[in-house]
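Below, each chain spelled out in residue letters.
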Amino acid sequence: MSELKPLRLLAEEAEDLEIISAAVQDSVVKAENLNYEARIRRFSLEINRYRWEEGVQKRHDGERIRSLLAFDGVLGVKTRAVTKADPELILSLLQVTFTPDEEPPGGTVTLLFAGDGEIALKVEALDATLLDSDYIWNTRHTPSHERRKR
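These figures come from a predicted structure and were not determined experimentally. (Residues numbered from 1 in each chain as written. Predicted model: local features only at pLDDT ≥ 70, side-chain atom pairs only at ≥ 80, totals over all residues. Heavy atoms only, no water.)

Visitor: How do you make sense of helix 1 (residues 14-24) when you look at a structure like this?
Guide: An α-helix turns once per 3.6 residues; consequently, residues spaced three or four apart project the same way. Along helix 1, the positions that sit buried rather than exposed are L17, I20, S21, A23 and V24. On an axial view of helix 1, the arc spanned by its buried residues comes to 160 degrees, and they lie on one face. Exposed positions of helix 1 whose direction lies more than 90 degrees from the buried face are E18 and I19. Tucked into the core, helix 1 has its buried residues touching strand 1 (8-11), strand 2 (27-30), strand 4 (42-50), strand 5 (62-72), strand 7 (90-100) and strand 10 (128-139). Count one or two residues on from helix 1 and you reach D26, which has phi positive near 75 degrees. (Buried < 20%, exposed > 50% of the residue type's maximum accessible area, 1.4 Å probe, protein only. Helix = DSSP H or I, 4+ residues; strand = E, 2+ residues; numbered from the N terminus. Arc of directions from axis to C-beta. Contact = heavy atoms within 4.5 Å.)

Put into structure tokens, the structure is as follows:
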């Protein structure tokens, strides 16, 4: 296993969120692990994050780690092409962005998934957290964004 410490990242500005977005690129999440708690205004995802920071020497030499990606101060959630109807559906997270409102500090956090799925979180202020667990495993599949040749 790796000697890297688990990530503990916070984002309160768009530039901070870019770092979290890079860390969670190609994470996978089951639909049942998308959780909006309206009462406490929190949206969270339990993800299996590919450890890009680990570096990959060979195509089949990567690691995944169980992580929590959470957003606090969420006022509302909208989805497009993302549903929890099939709780076993696997979604692949590609990018997380923040678009500020004309009147700061509020805005919209957008989670973009493969297949054009999208979740938009209306937030009173950007407050994101990425917490890795200590559950790490090897994976033979390194994510690739290049088209496969047939």
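Visitor: Sorry, what's going on with the confidence of the model for the protein here?
Guide: For any part of a model where pLDDT is low, the fine detail of the predicted coordinates should not be relied upon. Scored by pLDDT, the protein comes out at a mean of 90, with 89% of its residues at no less than 70. When the elements of the protein are averaged for pLDDT, strand 10 gives the smallest value, 92, and strand 8 (residues 107-113) the largest, 98. (pLDDT = per-residue confidence, 0-100.)

Visitor: Just checking my understanding: could you explain the pairing of strand 3 (residues 34-37) for this structure?
Guide: Two faces make up the sheet, and in a regular strand the side chains alternate between them. Note: strand 3 against strand 4, four bridges, orientation antiparallel. Within strand 4, the residue paired with Y36 across the bridge is F43. (Pairing = 2+ DSSP bridges.)

Visitor: Hey, could you run me through a negative patch on the surface in this one?
Guide: A cluster of like negative charges, contributed by E12, E13, E15, E18 and D127, occupies part of the molecular surface. Tracing the chain through its elements places E18 in helix 1. Judged by its relative accessible area of 55%, E18 is exposed. (Patch = residues over 30% accessible without salt bridge, like charges linked within 9 Å, V, L, I, M, F, W, Y side chains within 5 Å. Areas by Shrake-Rupley, 256 points an atom, 1.4 Å probe, with all protein chains shown as cover. Salt bridge = Lys/Arg side-chain N within 4 Å of Asp/Glu carboxyl O. Lys, Arg positive; Asp, Glu negative; His and termini not counted. Charge placed at Lys NZ, Arg CZ, Asp CG, Glu CD.)

Visitor: What is the right way to read the nonpolar core from this model?
Guide: For soluble globular proteins, the rule of thumb is that nonpolar side chains tend to be buried together. Ranked by size, the top nonpolar core spans 28 residues in total, and within it L45, L69, F71 and L111 carry the most contacts. Elements represented by at least two residues in this core include exactly helix 1, strand 4, strand 5, strand 7, strand 8, strand 9 (117-123) and strand 10. Among all residues touching F71, those that are not within four sequence positions of it are L17, R41, R42, F43, L45, V96, V109, L111, L121, D127 and A128. (Core = buried A, V, L, I, M, F, W, Y, C linked by side-chain atoms within 4.5 Å.)

Visitor: Help me out: how do you make sense of the packing of aromatic side chains in this one?
Guide: Any aromatic ring pair is given by two values, namely how distant the centres are and how the planes are angled relative to each other. Scanning the entire structure with this criterion turns up two aromatic pairs. Ring geometry for Y135 against W137: centres 4.9 Å apart, planes inclined by 35 degrees, an arrangement best described as tilted. Classification of W137 by relative accessible area gives partly exposed; the value is 23%. (Phe/Tyr/Trp six-rings, centres within 6.5 Å; stacked < 30°, edge-to-face > 60°.)

Visitor: Could you clarify how one ought to interpret the side chain of D132 in this entry?
Guide: Following the sequence through the fold, D132 ends up in strand 10. From its side chain, D132 meets the backbone nitrogen of L7 in a polar contact 2.8 Å long. Every residue in contact with D132, bar those within four places of it in the chain, is listed here: P6, L7, R8, R49, I65, R66 and S67. (Polar contact = N/O pair within 3.5 Å; in protein donor to acceptor, adjacent residues only side chain to side chain.)

Visitor: Which parts of the structure should I look at to understand unusual backbone geometry?
Guide: Across the chain, the bulk of peptide bonds are trans and the bulk of non-glycine residues have phi less than zero. Omega for the bond connecting P104 with P105 falls within 30 degrees of zero, at 10 degrees, which places this linkage in the cis form. Structurally, P105 can be placed in the loop between strand 7 and strand 8. Positive phi values are uncommon outside glycine, yet D26 reaches one of about 75 degrees. Relative to the elements of secondary structure, D26 occurs in the loop between helix 1 and strand 2. For R41, which is not glycine, the phi torsion reads 55 degrees and is therefore positive. Within the fold, R41 resides in the loop between strand 3 and strand 4. Under the relative-accessibility criterion, R41 is labelled partly exposed at 34%.

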